[in-house]
Amino acid sequence: MRTLVRAVVAAAVMLLPLSAPPDAQAPVVYKVSFPAPEHHVANVEVVFSGVSAGTLQARMSRSSPGRYAVHEFAKNVYDVHAFDGKGSELVTSRPNPYQWDVAGHDGTVRITYKIYGDLVDGTYLAIDPAHAHMNMPATLMWARRMDDRPVRVTFTPPAESGWKAATQLFPTSDPWTFTAPNLQYLFDSPTELSAYRLREFTVKNPDGKTFTIRAAVHTESSDQDIDQYAAGVEKIVREAVTVFGEYPEYDTGTYTFVADYLPTNAGDGMEHRNSTAVSGRGNVRNGLGTASHEFFHCWNVERIRPQGLEPFNFEEANLTDSLWVAEGFTQYYGSLITGRAGISDVKNTVRNMGNLAAEVINGSGRQFRSPVEMSHMAPFVDAARAVDPTNFSTTFISYYTYGGAVALALDLTLRDKTDGRITLDDFMRAMWKAHGKPGGPQPGLVAKPYAVTDLRDRLAEVSGDRAFAEDFYKRYMIGRDVADYARLMQRAGVVLRKRNAGRAWAGEIRGGQEAARIGNLQAPGTPAYDAGLEQDDTITEIDGKAIASLQQFGERIAGHKPGDTISVSFKRRNGVAQSTKIVLTEDPALEAVLIEDTGGAPTAAQKAFRDAWLGSKQNR
Ligand SMILES: [Zn+2]
């Protein structure tokens with residue numbers, strides 16, 4: 001039902017430019033001011049004109065693009081008033097927690113409200129004397145059935161604040177007034193007002209079109225630090241484009257890194273079409289990994305967009321099958337591109353790749369959910385909050401990690417199968433041509449979002465091998481198989497090996513200072529789990545000898561070999577004493593290292609494979 005309704009809405013939006021140009025409609029006009037930023041409050045006014053008769057349904061968003069839980073932005077809104085075109089106050093009613101209904105208007109409704117916000121990241125609103133850091137769904141009220149109206153926003157900074165605006169909104173001749181063609185674009189446009197410092201450079205597409213890439217950096221770090229950050233960003237940008245062969249046509253001719261690195265910030269990165277909001281509390285120079293990930297998103301998710309996120313539904317959590325591609329493939333490339341651009345060294349890149357593989361090889365979550373099913377968990381794990389415990393630590397693998405590992409497997413498999421003739425870059429380029437480059441009817445809209453079966457079909461085209469694509473789809477996209485990473489990585493002279501070879505292991509057992517109390521959930525298939533031990537059990541004896549601490553427990557295990565059986569006495573959390581036997585295994589922890597670091601040397605073929613995979617693609 002929901003899918004049907006949304007398909008109809010999408011079709012209506014796509015037809016719009018033919019039947020009624022957006023400028024034929026009265027814009028929605030916002031004014032946002034900050035008279036007392038030290039109290040973390042903004043005053044917002046929004047005017048809806050040309051409102052059809054009946055009740056205007058004004059709402060605060062429940063969700064925000066790029067975040068998959070509901071965040072209930074209505075909670076920080078207060079002192080709401082509504083007026084008609086003559087300035088007479090109207091009565092509002094509240095049909096649900098997110099909505100203000102306004103009846104009895106004369107075709108114009110002006111709503112004023114206050115909103116509180118004090119968290120700098122990519123999702124929320126933060127106001128203080130240093131800046132206003134705005135994620136629009138967290139800040140602006142909107143009205144149902146007016147999504148396609150153009151928008152005008154005017155900001156009024158505090159007097160003598162020295163603030164400027166950094167945003168992907170369309171500029172006007174007034175430096176404080178911006179426009180957006182529709183609600184989707186407006187809500188994709190985070191805006192930072194501050195005394196930020198700006199660095200910029202120009203890039204060019206094969207067709208000759210040029211774009212300005214900007215870094216607007218709000219930080220206490222030095223000018224030199226910002227220069228270093230901007231230089232790193234430029235390397236990343238010029239490396240990332242080699243994957244796709246061209247930049248997207250940024251709607252305003254610019255792409256902006258809206259970077260906020262202050263001591264009280266949350267570490268975060270949030271992707272948008274023509275910008276990213278990146279934040280952290282350390283030196284801005286440490287933000288290049290985040291910049292690499294987020295910039296890749298301007299292709300992968302912002303334009304190569306999975307079904308389920310298009311158009312984004314601000315009224316509920318948005319579900320998609322493909323976050324393992326949208327986030328996971330981006331995770332893989334974020335790391336690969338910093339490596340190719342020379343920002344992280346080859347040992348570090350290889351270690352990251354090994355960690356992706358290890359988490360999927362050893363992750364018990366794979367017993368229960370495929371990458372597609374992990375994506376369905378996003379509304380419950382992506383900055384979601386609840387008070388009841390979950391067992392996600394044993395039943396869930398992040399779609400960032402899982403998808404990153406699938407990307408690694410696919411890249412290496414394609415290279416292995418074709419002797420480097422076809423790579424994951426070719427696959428991403430095919431996805432770009434079919435689903436990203438065609439664009440949408442207006443900035444902010446995507447016409448050809450993909451399904452998981454499209455991934456399979458593009459893979460069949462790129463590889464020229466439909467049977468291979470079908471097999472990969474069944475085993476690694478909708479299935480729970482794990483690739484032979486050790487063999488694939490060995491082609492590049494990389495060894496995936498046991499980190500603690502020969503060491504006995506009872507399970508992932510942590511927690512407990514004064515007693516050997518198990519502090520974390522045990523994963524199915526591990527020795528402690530199979531022996532019936534679980535979180536909050538306290539181990540009292542091994543083989544008849546008392547155990548007083550978790551450290552002592554670890555020392556006793558270390559005296560054994562994999563395959564040994566130990567007798568364990570323990571108490572459940574209700575005090576009931578029990579005993580069991582644990583069959584120890586070898587510690588399964590894995591690491592990836594260069595063959596050079598194991599005392600070997602790569603062959604010429606391994607060296608060539610590695611360079612083609614991890615080397616820079618610029619100037620080739
Ligand atoms: Zn991401």
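Refer to the structure presented above.
Since we're looking at a predicted model, the values are computed, not measured.

Conventions adopted
- Residues numbered from 1 in each chain as written.
- Predicted model: local features only at pLDDT ≥ 70, side-chain atom pairs only at ≥ 80, totals over all residues.
- Heavy atoms only, no water.
- Salt bridge = Lys/Arg side-chain N within 4 Å of Asp/Glu carboxyl O.
- Helix = DSSP H or I, 4+ residues; strand = E, 2+ residues; numbered from the N terminus.
- Pairing = 2+ DSSP bridges.
- Axes fitted to C-alpha atoms, helices over the stretch in contact; angles between N-to-C directions.
- Contact = heavy atoms within 4.5 Å.
- Buried < 20%, exposed > 50% of the residue type's maximum accessible area, 1.4 Å probe, protein only.
- Polar contact = N/O pair within 3.5 Å; in protein donor to acceptor, adjacent residues only side chain to side chain.
- 1 Å grid on protein atoms, 1.4 Å probe; cavity = no way out; pocket = protein on both sides within 12 Å on 5 of 7 lines; lining within 4 Å.
- Points joined across faces, edges and corners; volume = space filled by probe spheres on them.
- Nonpolar A, V, L, I, M, F, W, Y, C, P; charged D, E, K, R; others polar.
- Donors = N, O, S within 2.8 Å, 3.2 Å for Na, K, Ca; no water.
- Expected span 1.5 Å × (residues − 1).
- Phe/Tyr/Trp six-rings, centres within 6.5 Å; stacked < 30°, edge-to-face > 60°.
- Parallel < 35°, antiparallel > 145°, perpendicular 65-115°, else oblique.
- Left-handed = near helix turned anticlockwise from the far one by under 90°.

Visitor: Honestly, the pattern of salt bridges in this entry has me stumped. Any pointers?
Guide: Side-chain pairs of opposite charge can arise where the charged atoms are in close proximity. Overall, the coordinates contain 44 salt bridges when judged by the stated rule. In this structure, Glu-249 engages Lys-209 in a salt bridge whose closest nitrogen and oxygen atoms are separated by 3.0 Å. Within this pair, whereas Glu-249 is found in the loop between α3 (223–244) and β19 (254–261), its partner Lys-209 is found in the loop between β17 (197–204) and β18 (210–219), the two being separated by 40 residues in sequence. Among the ionic contacts, a cluster of salt bridges with common partners joins Arg-456, Asp-457, Arg-466, Glu-470 and Lys-474.

Visitor: I would appreciate a short explanation of the sheet that holds strand β21 (residues 275–280) in the present structure.
Guide: By definition, the strands of a sheet pair up through backbone hydrogen bonds, in either a parallel or an antiparallel sense. Reading across the sheet, the five strands line up as β17-β18-β19-β21-β20 and stay open at both edges, with mixed pairing between neighbours. In the strand order of this sheet, the two ends are held by β17 and β20 (268–271), each with one partner. The average undirected angle you get between the axes of adjacent strands in this sheet is 15°. Sheet topology places β20 next to β21; four bridges connect them, and they run antiparallel. Within β21, the residue paired with Asp-268 across the bridge is Ser-279. Lying on the sheet, α3 is in contact with β17, β18, β19 and β21; it crosses β17 at an angle near 20°.

Visitor: In this structure, what is going on with the sheet that holds strand β11 (residues 142–143)? I would like to understand it.
Guide: Taken in spatial order, the four strands make up an open sheet running β6-β7-β3-β11, and their pairing is antiparallel. On the outer flanks of this sheet lie β6 (92–93) and β11, each paired with one strand and no other. Note: strand β3 (residues 56–59) against strand β7 (residues 99–102), four bridges, orientation antiparallel. Counterpart to Gln-57 in the pairing with β7 is Asp-101.

Visitor: Looking at this model, I keep getting lost on the side chain of Asn-520. Mind explaining?
Guide: With respect to the element layout, Asn-520 can be found in the loop between β24 (516–517) and α16 (527–530). Owing to a relative accessible area of 11%, Asn-520 belongs among the buried residues under this scheme. Only 3.0 Å separates the side chain of Asn-520 from the backbone nitrogen of Arg-510, close enough to count as a polar contact.

Visitor: What am I meant to see in the layout of surface pockets here?
Guide: Over the atoms, a rolled probe matching the size of one water molecule traces out where space is still vacant. The calculated volume of the largest pocket comes to roughly 1100 Å³. As for the largest pocket, its lining consists of 43 residues, of which Asn-362, Trp-505, Glu-508, Arg-510 and Pro-588 are closest to the centre. The set of elements that each furnish at least two residues to the lining of the largest pocket consists of α7 (346–362), α10 (392–395), β23 (504–505) and α17 (550–558). Of the residues belonging to the lining of the largest pocket, the class tally is 19 nonpolar, 17 polar and seven charged.

Visitor: Whenever I open this one, the coordination of the zinc ion confuses me. Can you help?
Guide: For a metal with four donors in a tetrahedral arrangement, the ideal angle between donors is 109.5 degrees, while six donors in an octahedron ideally sit at 90 or 180 degrees. Protein coordination at the zinc ion comes from His-293 (NE2), His-297 (NE2) and Glu-327 (OE), with a distance range of 1.9 to 2.1 Å. Here the donor residues of the zinc ion share one chain and are spaced in sequence as H-x3-H-x29-E. Separated by 34 residues along the polypeptide, His-293 in helix α4 (residues 288–296) and Glu-327 in the loop between α5 (323–326) and α6 (328–340) bring together distant segments of the chain.

Visitor: What is the right way to look at α6 in this model?
Guide: Side chains of residues three or four places apart in an α-helix project in the same direction, reflecting 3.6 residues per turn. For α6, with 13 residues, the first-to-last C-alpha span of 18 Å sits near the 18 Å given by 1.5 Å per residue. A large share of α6 lies buried, amounting to 12 of its 13 residues. All buried positions along α6 are accounted for by Gly-328, Phe-329, Thr-330, Tyr-332, Tyr-333, Gly-334, Ser-335, Leu-336, Ile-337, Thr-338, Gly-339 and Arg-340. Just downstream of α6, Gly-342 is the residue with a positive phi angle, here 80°.

Visitor: Can you walk me through unusual backbone geometry in this structure?
Guide: Leaving glycine out, the prevailing phi sign among residues is negative, and the prevailing peptide bond configuration is trans. With omega at -10°, the peptide bond leading from Glu-310 into Pro-311 counts as cis. Mapped onto the elements of the fold, Pro-311 is located in the loop between α4 and α5. Positioned with a positive phi, Ala-383 is a non-glycine residue whose angle comes to about 60°. With a phi close to 50°, Asp-419 is a non-glycine residue in the positive phi region.

Visitor: Please explain the pairing of strand β8 (residues 108–116) as it appears in this structure.
Guide: When a strand is regular, its side chains alternate between the sheet's two faces. Taken together, the nine bridges between strand β2 (residues 41–49) and β8 define a ladder with antiparallel strand orientation. Within the sheet, the bridge partner assigned to Ser-49 lies in β8 and is Thr-108. Note that strand β4 (residues 77–83) and β8 share five bridges and pair antiparallel. Among the inter-strand pairings, Phe-83 is bridged to a residue of β8, identified as Arg-110.

Visitor: When you look at empty space enclosed by the protein in this model, what are you seeing that I'm missing?
Guide: Scanning all chains against the criterion turns up three cavities of 30 Å³ or more. Approximately 160 Å³ is the volume found for the largest cavity. Lining the largest cavity are 16 residues, with Pro-65, Asp-188, Glu-302, Arg-305 and Phe-312 sitting closest to its centre. Tallied by class, the residues present in the lining of the largest cavity amount to six nonpolar, four polar and six charged. Each pocket or cavity is described by its volume, and for the second largest cavity that value is around 60 Å³. Lining the second largest cavity are Val-28, Tyr-30, Phe-48, Trp-142, Ala-143, Met-146, Arg-149, Val-151, Leu-183 and Leu-186.

Visitor: Whenever I open this one, the packing of aromatic side chains confuses me. Can you help?
Guide: Aromatic ring pairs are defined here through the distance separating the ring centres and the angle between the ring planes. Per the counting criterion, the structure on display carries 28 aromatic pairs. Between Tyr-250 and Tyr-255, the aromatic rings sit 5.4 Å apart at their centres with planes inclined by 55°, giving tilted as the arrangement. Comparing Tyr-250 with Tyr-255 shows no difference in burial state: the two are buried. Relative to Tyr-476, the ring of Phe-472 lies with its centre 4.7 Å away and its plane at 55°, an arrangement referred to as tilted. Remark: Tyr-476 and Phe-472 occur in helix α14 (residues 466–477); sequence separation between them is four residues, near one turn of the helix. Note on Tyr-476: relative accessible area 11%, which makes it buried.

Visitor: Would you mind showing me how to read the side chain of Gln-57 here?
Guide: Tracing the backbone through its elements, the reader meets Gln-57 in strand β3. Dropping the residues within four chain positions of it, Gln-57 is found in contact with Gln-99, Trp-100, Asp-101, Trp-142, Ala-143, Arg-144 and Arg-145.

Visitor: What exactly am I supposed to notice about the environment of Pro-602 here?
Guide: Note that Pro-602 resides in the loop between β30 (590–594) and α18 (604–614). Between the C-alpha atoms of Pro-602 and Arg-491, which are 111 residues apart in sequence, the distance is 9.3 Å. With near-sequence residues (within four places) excluded, Pro-602 lies in contact with Ile-595, Glu-596, Lys-607 and Arg-610.

Visitor: Honestly, the packing of α4 against α6 in this entry has me stumped. Any pointers?
Guide: Across the interface, α4 lies against α6 with an axial gap of 8 Å and an inter-helix angle of 125°. With respect to their mutual orientation, α4 and α6 come out oblique. Helix-helix and strand crossings are classified by hand; for α4 and α6 the assignment is right-handed. Here Leu-288, Gly-289, Ser-292, His-293 and Phe-296 of α4 come into contact with α6, specifically with Phe-329, Thr-330, Gln-331, Tyr-333, Gly-334, Ile-337 and Thr-338.

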